[in-house]
Amino acid sequence: MSAEAIRSNLLRVRNSLPPDVRLVAVSKYHPAESILAAYAEGQRLFGESHVQELQAKRPVLPSDIEWHFIGHLQTNKVKYIAPYVTMVEAVDSFRLLSEINRQAEKHDRIIDVLLELHIAEEETKYGLTLDACRRLLAEGLWRELSHVRICGLMMMATYTDDEEQIRTEMTTAWHFFDEVKATYFPDAPYFCERSWGMSHDYPIACQCGSTMVRVGTTIFGERSY
Ligand SMILES: *Cc1c(COP(=O)(O)O)cnc(C)c1O
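Being a predicted model, the structure only gives us computed values, none of them experimental. (Residues numbered from 1 in each chain as written. Predicted model: local features only at pLDDT ≥ 70, side-chain atom pairs only at ≥ 80, totals over all residues. Heavy atoms only, no water.)

A. Fine view of the packing of helix H1 (residues 3-16) against helix H2 (residues 32-40). Where H1 contacts H2, the two axes come as close as 9 Å, and the packing angle between them is 50°. In terms of axis orientation, H1 runs oblique to H2. When you trace H1 past H2, the crossing you get is right-handed. Packed against H1, whose contacting residues are Ala3, Ile6, Arg7 and Leu10, the element H2 presents Ser34, Ala37 and Ala38 at the interface. (Axes fitted to C-alpha atoms, helices over the stretch in contact; angles between N-to-C directions. Helix = DSSP H or I, 4+ residues; strand = E, 2+ residues; numbered from the N terminus. Parallel < 35°, antiparallel > 145°, perpendicular 65-115°, else oblique. Left-handed = near helix turned anticlockwise from the far one by under 90°. Contact = heavy atoms within 4.5 Å.)

Have a look at this one:
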């Protein structure tokens, strides 16, 4: 897609968001030139979901880009992105949380993370069920991890044309956020992020409590794998 098209797509998406919803421009499988086109329009927050790809792109791009890792992260790869990643959005086990903490400590950093919920119908999606998430938090071991900061929740709704289903899933996540906030983070202003909404459902997400949408295709075009 041309730089011009990317820039106008980006502006269209950005202008359609409420002022309190941030845009993560999902640039996976798109080249550095596409990222630069969005950067030229002021975009600084980008999402990637493959460690190798991010490692290759980051050095050739401006250093003030904030990278959110949005994909499934294997524990043995945390060490590569720990020096610079701004947020790991899809933490779905204590083991991963603990490894992010360990690597962050090595670099004298505190890494922001979101807990990924599994609410959608699809079997293949990663994430914690609501009960698994409740258990992880109730166990309390996360309180010992001083180099990660749990900033909220992330989820992907079922990929469907059924708007009501999407709305129901996102609203479930929103209510669950309120429960977790009240139980574990009432005095933590940083626990404030609800990351849901992608190209096909971000307008719905904006009505269902999202604070951060992750949009790729609508900005950068179809991905070639
Ligand atoms: C790829 C991806 C997105 C963006 O999807 P689009 O449909 O291209 O907007 C959002 N979130 C996650 C976790 C992704 O892997």
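Having seen it, we continue.
B. Summary view of the pairing of strand S2 (residues 45-48). Residues Leu45 and Gly47 line one face of S2 and the alternating positions Phe46 and Glu48 line the opposite face, and both faces are buried. In this fold, strand S1 (residues 22-26) hands off to H2, which returns the chain to S2; that crossover is right-handed. Bridging between S2 and strand S3 (residues 66-69) involves 4 bridges; their strand directions are parallel. If you follow Gly47 over to S3, its bridge partner there is His68. (Buried < 20%, exposed > 50% of the residue type's maximum accessible area, 1.4 Å probe, protein only. Right-handed = clockwise from strand over helix to strand, strands pointing away. Pairing = 2+ DSSP bridges.)

C. Region of interest: the site of the ligand. Neighbouring residues of the ligand: Val26, Lys28, Ile70, Met154, Met156, Met198, Ser199, Arg214, Val215, Gly216, Thr217 and Arg223. With respect to the ligand, the side chain of Ser199 contributes an N or O atom lying 2.6 Å from an oxygen atom. One of the side-chain N or O atoms of Thr217 is found 2.5 Å from an oxygen atom in the ligand. Notes on the ligand: free accessible area 390 Å², of which the protein chains cover 90%. (Near = heavy atom within 4 Å. Polar contact = N/O pair within 3.5 Å; in protein donor to acceptor, adjacent residues only side chain to side chain. Areas by Shrake-Rupley, 256 points an atom, 1.4 Å probe, with all protein chains shown as cover.)

D. How the structure looks around unusual backbone geometry. If you check the backbone angles, Tyr29 has positive phi at about 65° while not being a glycine. Mapped onto the elements, Tyr29 comes out in the loop between S1 and H2. Judged by relative accessible area, Tyr29 falls into the partly exposed class, the value being 29%. Notably, Asp108 is not glycine yet its phi reads approximately 55°, a positive angle.

E. Fine view of the pattern of salt bridges. All chains considered together, the criterion is met by 11 salt bridges. Its salt-bridge partner being Glu41, residue Arg7 comes within 2.9 Å of it at the nearest N-O pair. Placement of the pair is Arg7 in helix H1 and Glu41 in the loop between H2 and S2, with a sequence separation of 34 residues. Judged by relative accessible area, Glu41 falls into the partly exposed class, the value being 23%. Via salt bridges that share partners, Glu48, Glu53 and Lys57 belong to a single interconnected network. (Salt bridge = Lys/Arg side-chain N within 4 Å of Asp/Glu carboxyl O.)

F. Expanded view of the nonpolar core. Judged by nonpolar contacts, the single largest core of 68 residues is most densely connected at Ile100, Val113, Leu117, Met170, Val213 and Ile219. With near-sequence residues (within four places) excluded, Val213 lies in contact with Leu17, Val21, Arg22, Leu23, Val24, Trp196, Gly197, Tyr202, Ala205 and Cys206. If you look at the next biggest cluster of nonpolar residues, it comprises 8 residues, including Leu45, Met87, Cys151 and Met212. (Core = buried A, V, L, I, M, F, W, Y, C linked by side-chain atoms within 4.5 Å.)

G. Focus on the side chain of His147. Take His147: it is sitting in the loop between helix H6 (130-139) and strand S6 (148-155). At a separation of 2.9 Å, a polar atom in the side chain of His147 contacts the main-chain carbonyl oxygen of Arg109. If we skip the residues at most four places from it in the chain, His147 touches Asn101, Ala104, Glu105, Arg109, Ile110 and Ile111.

H. Highlighting the packing of aromatic side chains. Tallied over the entire structure, the rule returns 5 aromatic pairs. For the pair Phe177 and Phe191, a centre-to-centre distance of 4.9 Å together with 20° between the ring planes defines the contact as stacked. Remark: Phe191 occurs in the loop between helix H7 (163-184) and strand S7 (193-195) and Phe177 occurs in helix H7; sequence separation between them is 14 residues. One exposure class covers both Phe177 and Phe191, and it is buried. Ring plane angle 0° and centroid distance 4.2 Å describe the contact between Phe185 and Phe191, whose orientation is recorded as stacked. Seen from the ring of Tyr39, Arg44 lies directly overhead, with NZ or CZ sitting 3.5 Å from the centre. Across the ring face of Tyr84, the terminal group of Arg58 is positioned such that the distance to the ring centre comes to 3.8 Å. (Phe/Tyr/Trp six-rings, centres within 6.5 Å; stacked < 30°, edge-to-face > 60°. Lys NZ or Arg CZ within 6 Å of the ring centre and 35° of its normal.)

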